[in-house]
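# Understanding the architecture of this molecule
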Amino acid sequence: MSKTYQNILKNTNFNPKKDWLQIKTIDMHTGGEPLRVIVDGFPELKGNSILEYRRYCKEHYDHLRTSLMFEPRGHADMYGCILLPPNDNDGDFGILFIHNEGYSTMCGHAIIAISTLAVEMNWIDYQEGDNIIKIDAPCGRIISYAHVKNGKVTGVRFHCVPSFVVGLDRKVKVEGIGDIIYDLAYGGAFYAYVDMAKNNFDFDLTSNSYRKLITKGMDIKHAVIEQDSNILHPYEEDLSFLYGTIFIGNSSKENIDSRNVCIFAEGEVDRCPTGSGVSGRMAIHKMRNEIQYGDTMTIESITDSVFKGSVISEEEFGPYKAVIPQVEGTAHITGMNTFIIDPDDPMKNGFIFR
């Protein structure tokens, strides 16, 4: 055995220089959609609420978002989160969502994943059965229920913030496509929901149409933003923006009600059915009298992963009659990382290709 190879076997730990930043993460996925959970090394954020932390991060540490989401440490469809104190003593913790474009207001797949991790890491005192976790997101407080059986999380369901419909069967002209019919709804984030059956497209909702879904989804998003002045949250200006386009179609499977493919942020394709998107759909289906209390809808993604959606209650929310949706799914841990940022690296802040 060569001396060099012996040295390789003996020296497997790299010790970064003192001026190199080290950020530790636990990586997960929910239905195929990644979540990079930052657990140590991120600079302290200042503020008294999740929205204030969000603004501070955007103003002072956005380069770390791109470092961790963009290449070479991430990719165009990477997604992550930063854990923070809750807004008040009744909450368990707060969470910021990060991606290729910036900071989203709500993320269902991240709630499912981080609730799973809270049990796996013993961050909460859990027991067999349902374990309630109160999580403060930018859109408000999310109540999740991590179900434990024989010491293992078998699934998570969460109650989203009040979700509501802004308008049904709206029309927008999209260059290169023509007139598109869409619904505008909010499920912690605003989406334009496009039913494939109401529009004529030359693509489907499978991975074969991946590129077209990105292009057409972003074209629709930009057209809706340009035309629609009603993308306004009743109480928070920071939540008043269109996050993405969700294409809705039929499933080829008998036990699945429909399929969601969400194009969000700067052309990211959600691998899971999109928890906030399913929340908005519950508001749409309730308004259309297509779902009642006690009913459950099964919605699959482009990877065939499945979320279950239902309606828990209704309430007034500003000018809207909103629903409290419930979304169910499962998540898994995929790895642990210690990322290092060399201040002399010309690509330390990352780059992105689509």
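Residues numbered from 1 in each chain as written. Predicted model: local features only at pLDDT ≥ 70, side-chain atom pairs only at ≥ 80, totals over all residues. Heavy atoms only, no water.

Per an unreviewed UniProt entry, the chain carries the name Proline racemase and comes from Aquimarina atlantica.

## Description of the packing of aromatic side chains
Going by this rule: Two rings belonging to Phe, Tyr or Trp (six-membered ring only in the last case) form a pair when the distance between their centres is within 6.5 Å. Interplanar angles under 30 degrees mark stacking, angles over 60 mark edge-to-face geometry, and anything in between is tilted. Only DSSP runs of H or I reaching four residues or more are called helices, and only runs of E reaching two or more are called strands; each is numbered from the N terminus. Exposure classes here rest on a 1.4 Å probe applied to the protein chains alone. A residue is buried below 20% of its type maximum, exposed above 50%, and partly exposed in between. Charge-over-ring contacts are defined here by two conditions on Lys NZ or Arg CZ: a distance within 6 Å of the ring centre and an angle within 35 degrees of the ring normal.
The final tally for this structure, using the stated rule, is 17 aromatic pairs. Pairing Phe164 with Phe190 gives two aromatic rings, centres 6.0 Å apart and planes at 75 degrees, and the pair type is edge-to-face. Taken together, the positions of Phe164 in strand S9 (residues 164–174) and Phe190 in strand S11 (residues 190–195) put the pair 26 residues apart, joining distant regions of the chain. Look at Phe190 and you get buried, because its relative accessible area is 0%. Aromatic side chains Tyr191 and Tyr243 sit 5.8 Å apart centroid to centroid with 55 degrees between the ring planes, which places their arrangement in the tilted category. Of this pair, Tyr191 sits in strand S11 while Tyr243 is found in strand S12 (residues 242–249), placing the two residues 52 residues apart along the sequence. Across from the ring centre of Tyr293, 5.3 Å away, lies the NZ or CZ of Lys286, which sits over that ring.

## Brief notes about the nonpolar core
To be explicit about the condition: The definition of a nonpolar core used throughout is a set of buried Ala, Val, Leu, Ile, Met, Phe, Trp, Tyr and Cys residues joined through side-chain atoms within 4.5 Å. What fixes the domain bounds is an automatic or database domain assignment.
Ile142 and Phe247 are the most contacted members of the largest nonpolar core, which totals 90 residues. By residue number, the principal contributor to this core is helix H4 (residues 108–120), which donates eight residues. Inspection of this core shows a minimum of three residues originating in each of domain 1 (19–161 + 333–341) and domain 2 (164–329).

## Notes on the domain arrangement of the chain
This is how the line gets drawn: By the convention used here, residues are in contact when the closest approach between their heavy atoms is within 4.5 Å. Accessible area that two parts lose when put together, evaluated with a 1.4 Å probe and summed over both, is termed the buried area. By convention in these notes, a salt bridge is any Lys or Arg side-chain nitrogen within 4 Å of a carboxyl oxygen on Asp or Glu.
Domain annotation of the chain identifies domain 1 (19–161 + 333–341) and domain 2 (164–329). The gap between the C-alpha centroids of domain 1 and domain 2 is 23 Å. At the junction of the two partners, domain 1 supplies 30 residues and domain 2 supplies 35 residues. Approximately 2400 Å² of surface area, both sides summed, lies buried where domain 1 meets domain 2, with 52% of it carried by carbon and sulfur atoms. Joining domain 1 to domain 2, the criterion identifies three salt bridges. In this structure, the salt-bridge partner of Arg55 is Asp238, at a minimum N-O distance of 2.7 Å.

## Focus: the pattern of salt bridges
On inspection of all chains with the given rule, the structure shows 22 salt bridges. Between Lys321 and Glu314 there is a salt bridge, and its shortest N-O distance comes to 4.0 Å. Look at Glu314 and you get partly exposed, because its relative accessible area is 31%. Among the charged side chains, a network of salt bridges with common partners joins Asp88, Asp90, Lys134, Asp136 and Arg141.

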